[in-house]
Amino acid sequence: MANYDIFDEQYYLSQYGFVKDAVAQGLVKSGLEHFQKYGQAAGLTKISRYFDENTYLTGNPDIAAFVRPVNPNGSFASGLDHFIQFGYDEGGRRTQVSPEYNEDFYLKNNSELLPFIQNGTFKSGYQHFIKYGVKEGRFGTSFFEPEYLTENPNLVPFIDSGALKTGRDHYFQFGQFEVNRSATFVGTRSNDIITGVGVGNVELIGVEVGIDPNGNRQYESFGTNEFDVLIGSAGSDDFVLGVPATSGNTAPTPLYLGNGQATIRNFDVVNDFIQLQGSSLTNYNLVPVGGDLSIQTRFGDVLGVIEGGANLSLTVQGVLPNGTFLIG
């Protein structure tokens, strides 16, 4: 049974102007009606910001031979045609659908959803994301989409018009090459490898981060029992090992206290910084261990390790008004 949950009327009309004209002229009632009657069989695939035909076919090579652009006698007009008829309801095995969504990240970043996947309420995290998560301001990859759009409101009209899919789409097409552009990449409350991308200002946070109802950043884990890898970009990176107070976090807090730590790679002492809780290095020790530099509390608790940084001499580069400071 075909499932059209992912169909986005506004996006479909923005991608196919002739359909928009047909709706305006009363030839069809809606974009959805056009797609169901004509577009699906014709192989039109731009029906959602969160579905990409090439990604789906690449991630699901078992169906490629059954798709008509590959096989003229194939059973499906497109990969999307297969997804609507079968893939969406097949669950986790068919969730590699778009650069804008990662199933593993979404479920780890929203771990409260796991019981609903297990009991069959949702076949996948993607189903929840499409039906509810997008509207709730949740995001599908480590790129911190809500904050990027808040900091770049001029992009919103282009997203609304369909010229851009998402803020992430803008960043990976354009923003990552702009030296004055900032972006944040975040992790989950599990072990993560977070890779920064861009030549501008890139923030890397290995723990789980969300947005509260007022649109403010909210830290939802603090690194306990997390072993994250933070990989620097070509730009100026801020590796976060300490966070300010938020509505759910009443005081500035070190990350990775107790069992857990962040491994920092590609640290450039000229351009990069490490963010710690407090205002000085008084409560920290920087200890060479082999070829690395260990960042510890004064009691010896390792918060982070800079790979290859044993010979670095780091000093305070700035004290922030939010209860954190930068070393580099």
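Just so you know, these numbers come straight off a predicted model, no measurement behind them. (Residues numbered from 1 in each chain as written. Predicted model: local features only at pLDDT ≥ 70, side-chain atom pairs only at ≥ 80, totals over all residues. Heavy atoms only, no water.)

In this sheet, strand β10 (residues 273-277) lies alongside strand β6 (residues 236-240) in parallel orientation, the contact comprising 3 bridges. When the bridges of β10 are listed, F239 appears paired with I274. Of the strand pairs in this sheet, β10 and strand β15 (residues 324-327) are connected by 4 bridges, and their pairing is antiparallel. Looking at the pairing, Q277 lines up with T324 of β15. (Pairing = 2+ DSSP bridges. Helix = DSSP H or I, 4+ residues; strand = E, 2+ residues; numbered from the N terminus.)

A positive phi angle is found at N225, which is not glycine, with a value near 65°. Tracing the chain through its elements places N225 in the loop between β4 (217-219) and β5 (227-231). Looking at N225, the relative accessible area reads 49%, which means it is partly exposed. Located in the positive-phi region is Y256, a residue other than glycine, with phi close to 70°. With respect to the element layout, Y256 can be found in the loop between β8 (253-254) and β9 (261-265). (Buried < 20%, exposed > 50% of the residue type's maximum accessible area, 1.4 Å probe, protein only.)

Read from one edge to the other, the open sheet built from 6 strands follows the order β2-β5-β9-β13-β12-β11, with strand pairing classed as mixed. Strand pairing shows two members of the sheet lacking a second neighbour, β2 (193-195) and β11 (284-289), which therefore form its edges. Direction aside, the axes of adjacent strands within the sheet are offset by 20° on average. As paired strands, β11 and strand β12 (residues 292-297) are joined by 6 bridges and run antiparallel to one another. If you follow N285 over to β12, its bridge partner there is Q296. (Axes fitted to C-alpha atoms, helices over the stretch in contact; angles between N-to-C directions.)

Another aspect to go through is the environment of G258. Of note, G258 is situated in the loop between β8 and β9. G258 sits 119 residues away from F139 along the chain, and the two C-alpha atoms are 29 Å apart.

Counting across every chain of the model gives 16 salt bridges. Residue R49 is joined to D8 by a salt bridge in which the shortest nitrogen-to-oxygen separation is 4.0 Å. Of the two residues, R49 is situated in the loop between α3 (31-42) and α4 (53-59) and D8 in the segment before α1 (9-15); the sequence distance between them amounts to 41 residues. The class of D8 is partly exposed, set by a relative accessible area of 23%. (Salt bridge = Lys/Arg side-chain N within 4 Å of Asp/Glu carboxyl O.)

This brings us to the packing of aromatic side chains. A complete count under the given rule lists 31 aromatic pairs for this structure. Ring geometry for F239 against F267: centres 6.0 Å apart, planes inclined by 50°, an arrangement best described as tilted. Remark: F267 occurs in the loop between β9 and β10 and F239 occurs in strand β6; sequence separation between them is 28 residues. Among the residues examined, F267 registers a relative accessible area of 14% and is labelled buried. Connected via pairs of aromatic rings, a cluster forms that spans Y50, F51, Y56, F83, Y88, Y101, Y106, Y126 and F129. (Phe/Tyr/Trp six-rings, centres within 6.5 Å; stacked < 30°, edge-to-face > 60°.)

Positionally, Q176 belongs in the loop between α12 (167-173) and β1 (182-187). A polar atom in the side chain of Q176 sits 2.9 Å from the backbone oxygen of F172. With residues near it in sequence (within four places) discarded, Q176 still touches Y171, V197, G198 and V199. (Polar contact = N/O pair within 3.5 Å; in protein donor to acceptor, adjacent residues only side chain to side chain. Contact = heavy atoms within 4.5 Å.)

Another aspect to go through is the pairing of β1. Burial runs high along β1: 5 of the 6 residues are buried. Alignment of β1 against strand β3 (residues 201-211), held across 6 bridges, turns out to be parallel. Among the inter-strand pairings, F185 is bridged to a residue of β3, identified as L204.

It is worth spelling out helix α9 (residues 125-133) at this point. Counting buried residues in α9 gives 7 out of 9 residues, a clear majority hidden from the surface. Where α9 is concerned, the buried positions are G125, Y126, Q127, H128, F129, I130 and G133. Residues of α9 that are buried in the fold lie against α6 (79-85), α7 (103-109) and α8 (114-118). Taking the backbone nitrogen of Y126 as reference, a side-chain oxygen 3.3 Å away marks S124 as the first, capping residue of α9.

On to the nonpolar core, then. By size, the foremost hydrophobic cluster in this structure holds 39 residues, and its most contacted members are L241, I274, L276 and I306. For this core, the secondary structure elements donating two or more residues are β1, β3, β6, β9, β10, β12, β13 (302-306) and β15. A per-element tally of this core places β3 first, with 5 residues. Of all hydrophobic cores here, the second largest spans 24 residues; its members include I63, V97, Y106 and I130. (Core = buried A, V, L, I, M, F, W, Y, C linked by side-chain atoms within 4.5 Å.)

Any link to function would need more than the numbers given here.
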